[in-house]
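Analysis of the macromolecular model
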Amino acid sequence: MTWFAFSGLNSGQAVNLAGTQEKQAVVEGFHGYATQAQAQAAPNSVNLLTRTFADAWIADYKAALKEQAQPGGANASIYNPATAASAAATGVANSIPGLSQIGSFFGALAQGATWIRVAEGLLGIILIAVGLARITHAVPIATKIAGAVA
């Protein structure tokens, strides 16, 4: 657990990062401190690119505070950003109508009966098209085919 403060963000308040967020902050070039007071006394500078990360860490820390899931909080053991992201992705996937039916659709493509139905449907469409062409004389070649069949 390391405290990070970011110049001009979060009203000068430091956030306590842990795990992958802490490692990512260090990789991005931010310096962490052992105490909140040290971090707030020497905030890290942010630029256009690193501000996105800092904003995300601050937002995540604020959400964790509300749930008391921040490092050292009462519910810290139940909060894992990776698990939370996975749960969010699953929730989004489950909220898209018809997404679960895609798997059953592709499963049905492997069955022989499906292809028989597809062939029957195509044959029906062809017969309807030939019949309409025969009635309306709209397409000369279709009229010849219909004449040969009749």
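Note that the structure is a prediction, hence the values are computed from the model and not measured. Numbering of residues begins from 1 in every chain and follows the order in which that chain's sequence is written. Predicted model: local features are reported for residues with pLDDT of at least 70 only, side-chain atom pairs are reported and counted for 80 or more only, and whole-chain, interface and lining totals are derived from all residues. For the side-chain quantities, the full set of heavy atoms in the structure was used; hydrogens and water were omitted.

Points about the overall build of the protein
In DSSP terms, a helix is any run of H or I states spanning at least four residues, a strand is any run of E spanning at least two, and both are numbered starting from the N terminus. A tally of helices and strands in the protein yields seven helices and two strands. Taken from N to C terminus, the helices and strands of the protein fall in the order β-β-α-α-α-α-α-α-α. In the protein, the share of contacts with a sequence separation of at least 24, taken over all contacts with a separation of at least 6, comes to 52%. In these tables, accessible area is a Shrake-Rupley quantity obtained with a 1.4 Å probe, and a residue counts as shielded only by the protein chains included in the view. For the protein, the accessible surface area stands at approximately 10,000 Å², while carbon and sulfur atoms represent 65% of it. Contact definition: two residues touch when any of their heavy atoms are within 4.5 Å.

Brief notes about helix 3 (residues 48-67)
Look at helix 3: 30 Å from first C-alpha to last across 20 residues, which is about the 28 Å you get at 1.5 Å a residue. Taken together, the buried positions of helix 3 are occupied by Thr-50, Ala-54, Trp-57, Ile-58, Asp-60, Tyr-61 and Ala-64. End-on view of helix 3: buried residues confined to an arc of 165°, all on one side of the axis. Residues of helix 3 that are exposed and point over 90 degrees away from its buried face: Leu-48, Thr-52 and Lys-66. Measuring from the side-chain oxygen of the N-cap residue of helix 3 to the backbone nitrogen of Leu-49 gives 2.9 Å; that N-cap residue is Asn-47. In the stretch just after helix 3, Gln-68 is the one whose phi turns positive, near 55°. Working rule for helices: expected span equals 1.5 Å times residues minus one. Burial here depends on accessible area, computed with a 1.4 Å probe over protein chains only, as a share of the maximum for the residue type. Under 20% is buried, over 50% is exposed, and the range in between is partly exposed. It is the directions from the helix axis to the C-beta atoms whose arc is reported. Polar contact criterion, stated in full: a pair of N or O atoms within 3.5 Å, where within protein one must be able to donate a hydrogen and the other to accept it, and residues adjacent in sequence count only if both atoms are side-chain atoms.

Some points on the pattern of salt bridges
Any Lys or Arg side-chain nitrogen found within 4 Å of a carboxyl oxygen on Asp or Glu counts as a salt bridge. Applying the stated criterion across every chain yields a total of one salt bridge. Salt-bridge contacts for Arg-51 lead to Asp-55; the nearest nitrogen and oxygen are separated by 3.3 Å. Of this pair, Arg-51 and Asp-55 are both found in helix 3, four residues apart, which corresponds to roughly one turn of the helix. According to the relative accessible area criterion, Asp-55 is partly exposed, its value standing at 33%.

Details of the packing of helix 1 (residues 19-27) against helix 3
Put simply, helix 1 and helix 3 touch, their axes get as near as 11 Å, and they point 155° apart. Of the possible angle classes, the one that applies to helix 1 and helix 3 is roughly antiparallel. Viewed along their axes, helix 1 and helix 3 form a crossing whose handedness is left-handed. Across from Gln-21, Gln-24 and Ala-25 in helix 1, the residues of helix 3 making contact are Phe-53, Trp-57 and Asp-60. Here, axes are lines fitted to C-alpha atoms. For helices the fit covers the stretch in contact, and angles between N-to-C directions go from 0 to 180 degrees. Should an angle fall under 35 degrees it is called roughly parallel, over 145 degrees roughly antiparallel, and 65 to 115 degrees roughly perpendicular, with every other angle called oblique. Should the near helix be turned anticlockwise from the far one by less than a right angle, the crossing is left-handed, and should it be turned clockwise, the crossing is right-handed.

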